[in-house]
Amino acid sequence: MKKFDIITFGSATRDIYLRSKKFSPIFSKDFPTGKVIQLGFGSKIEMTDISFSTGGGGANAAVTFASLGLKVAYCGKIGNDYFGGLIIKELKNLKIDTALVSRTGKKSTNVSVILSYPDRDKTILVYRGAADLFKIKDIPLDKIKNAKWFYLAPFSGKLANLTEDLVSLAKRNKIMVAMNPGYNQLTLSKKTLERILKKIDILILNQEEASLLTGIAYRKEKAIFRKIDELVPGICVMTKGREGVIVSDGEYLYKAAALKIKLVDTTGAGDSFNSGFLSSFIKTKDISSAIQLGLANAAACLQKLGAKEGLLHRGQSYKKVKVRKLRL
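Basis of the calculations
Residues numbered from 1 in each chain as written. Predicted model: local features only at pLDDT ≥ 70, side-chain atom pairs only at ≥ 80, totals over all residues. Heavy atoms only, no water. Helix = DSSP H or I, 4+ residues; strand = E, 2+ residues; numbered from the N terminus. Rg over C-alpha atoms; globule rule 2.2 N^0.38 Å. Buried < 20%, exposed > 50% of the residue type's maximum accessible area, 1.4 Å probe, protein only. Contact = heavy atoms within 4.5 Å. Pairing = 2+ DSSP bridges. Axes fitted to C-alpha atoms, helices over the stretch in contact; angles between N-to-C directions. Salt bridge = Lys/Arg side-chain N within 4 Å of Asp/Glu carboxyl O. Patch = residues over 30% accessible without salt bridge, like charges linked within 9 Å, V, L, I, M, F, W, Y side chains within 5 Å. Areas by Shrake-Rupley, 256 points an atom, 1.4 Å probe, with all protein chains shown as cover. Lys, Arg positive; Asp, Glu negative; His and termini not counted. Charge placed at Lys NZ, Arg CZ, Asp CG, Glu CD. Parallel < 35°, antiparallel > 145°, perpendicular 65-115°, else oblique. Left-handed = near helix turned anticlockwise from the far one by under 90°. Nonpolar A, V, L, I, M, F, W, Y, C, P; charged D, E, K, R; others polar.

A.B. asks: Would you take a moment to explain the overall build of the chain for this structure?
C.D. replies: Of regular secondary structure, the chain possesses nine helices and 16 strands. Scaling as 2.2 N^0.38, a compact globule of 328 residues should have a C-alpha radius of gyration of about 20 Å, and the chain matches this with 19 Å. Oriented by its inertia axes, the alpha-carbon framework of the chain measures out at about 55 × 45 × 45 Å. The proportion of buried residues among the 328 residues of the chain is 54%. For the chain, restricting intrachain contacts to residue pairs at least 6 apart in sequence, the fraction spanning at least 24 positions comes to 70%.

Following this line, the structure appears as structure tokens:
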């Protein structure tokens, strides 16, 4: 029976990146972001670049774990189609075990079309297909019992309802759990969410998610962490985009600023930090070192197009940020 350092759960998608100077954003108060792409109806739009890659929260994280030397498997569902085959091939080439991947003919593999335009913003067209059909019964239980960690990427739609089953499965088998919940998981019933959080070893949220979970404005960091520490017995992480990250172990806060870089593409930034942080923590059990690797991996990702092109590899040197440790 294979032993895994970590198994990732979440979506695996075929990502299609389209870049064009014709993706011209205009300002509009009718949209939440204040901007909208303007394309002529019925027209042909010239692309300046197109590229293809495997994406999705579960798959993206698995790539970092493998690149940094961990034994990793991806567990999820893809379509019994051409794109699904490409995902399997690419994951295998990256030394990610695919024995836990199930396939279906009921829906096509998930697809994301990323439209990138001059000011480096992007719009993503999403098809949520086969991944949403994933069930607990799809997991070959005899193959996961020797895992040390589960990593739960954000689950969309009905998949969120599987979160408690997965966490409980891990705990029954003495497997540690790191989770980066999405909106659908954070809006589960209060009692369900509280049961889940009590079993989490590392919880990773961005500022908006932390505010949604606690009902506290994200700028009130100490108040947020006091509340989260009541809900989660393990380590709590709040990413802050360009401002860096703050982590609580229930006694101390660890703060660090993001590395200054030339931004190319934000796709996969969260996945790269999360998996970099966790990769280091699994090996060292040291929060400061985990923050340094997480931020360095995110910075490397942000300087390349796509979610995986810039990711760090085992043995690769990287710049380490200064981490401040403050009593909570």
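More follows now that the structure is in view.
A.B. asks: Mind showing me how you'd approach the sheet that holds strand 8 (residues 110-116) here?
C.D. replies: Sheet strands line up and pair through hydrogen bonds in the backbone, either parallel or antiparallel. In spatial order, the strands read 5-2-8-9; together these four strands make up an open sheet with mixed pairing. Because the sheet does not close on itself, it has two edges, and the strands there are strand 5 (49-55) and strand 9 (122-127). The sheet shows a mean angle of 20° between the axes of neighbouring strands, taken without regard to direction. Bridge analysis of strand 8 against strand 9 gives six bridges, and the strand direction is antiparallel. Bridge pairing links Val113 to Leu125 in strand 9.

A.B. asks: How do you make sense of the pattern of salt bridges when you look at a structure like this?
C.D. replies: Any two side chains of opposite charge can pair, on the condition that their charged atoms come close. Across all of its chains, the model carries ten salt bridges by this definition. Across the pair Glu90 and Arg14 runs a salt bridge whose closest N-O atoms are separated by 3.7 Å. Separated by 76 residues along the polypeptide, Glu90 in helix 2 (residues 82-93) and Arg14 in strand 2 (residues 13-19) bring together distant segments of the chain. Close ionic contact of Glu221 with Lys255 constitutes a salt bridge, the shortest N to O distance being 3.6 Å. One end of the pair, Glu221, is in helix 7 (residues 221-231); the other, Lys255, is in strand 15 (residues 252-256), and 34 residues separate them in sequence.

A.B. asks: Just to check I follow, could you spell out the sheet that holds strand 1 (residues 6-9) for this structure?
C.D. replies: Strands sit in the order 7-6-1-10-11-12-13-14-15-16 across an open sheet of ten strands; the sheet is mixed. Of all strands in the sheet, those with a lone pairing partner are strand 7 (101-104) and strand 16 (324-327), marking the two edges. Each strand axis lies, on average, 15° off the axis of its neighbour in the sheet, ignoring direction. As paired strands, strand 14 (residues 245-248) and strand 15 are joined by four bridges and run antiparallel to one another.

A.B. asks: How should I be thinking about helix 3 (residues 163-172) in this particular structure?
C.D. replies: Along an α-helix, a turn takes 3.6 residues, which lines up residues three or four apart on a common side. Looking only at helix 3, the buried set comprises Thr163, Leu166, Val167, Ser168, Leu169 and Ala170. Each element contacted by the buried residues of helix 3 is listed here: strand 1, strand 10 (149-152), strand 11 (176-179), helix 4 (183-186) and helix 5 (190-197). In the segment just after helix 3, Lys174 is the residue with positive phi, at about 55°.

A.B. asks: Would you mind showing me how to read a positive patch on the surface here?
C.D. replies: On the surface, Lys106, Lys107, Lys135, Lys137 and Lys158 cluster together into a positively charged patch. Residue Lys158 is classed as exposed on the basis of its relative accessible area of 70%.

A.B. asks: When you look at the packing of helix 1 (residues 57-67) against helix 8 (residues 269-284) in this model, what are you seeing that I'm missing?
C.D. replies: Two quantities define a packed helix pair, namely the angle between the helix axes and the distance between the axes. The geometry of helix 1 relative to helix 8 is characterised by a closest axis approach of 9 Å and an angle of 45° between their N-to-C directions. In terms of axis orientation, helix 1 runs oblique to helix 8. Once helix 1 is placed against helix 8, the crossing between them reads as right-handed. Seen from helix 1, the contacting residues are Gly57, Asn60, Ala61, Thr64 and Phe65; seen from helix 8, they are Asp271, Ser272, Ser275, Gly276, Leu278 and Ser279. Here the contact of helix 1 with helix 8 is composed, by residue class, of three nonpolar, seven polar and one charged.

A.B. asks: Before we go on, may I ask you to explain unusual backbone geometry in this structure?
C.D. replies: Leaving glycine aside, a negative phi is the common case for residues, and trans is the common case for peptide bonds. Unusually for a residue other than glycine, Lys174 sits at a positive phi of about 55°. Mapped onto the elements, Lys174 comes out in the loop between helix 3 and strand 11. Its relative accessible area of 78% is what places Lys174 among the exposed residues. One non-glycine residue with positive phi stands out, namely Lys285, at about 60°. Mapped onto the elements, Lys285 comes out in the loop between helix 8 and helix 9 (287-302). The exposure class of Lys285 is exposed, given its relative accessible area of 52%.

Bear in mind that shape data such as this cannot, by itself, settle questions of function.
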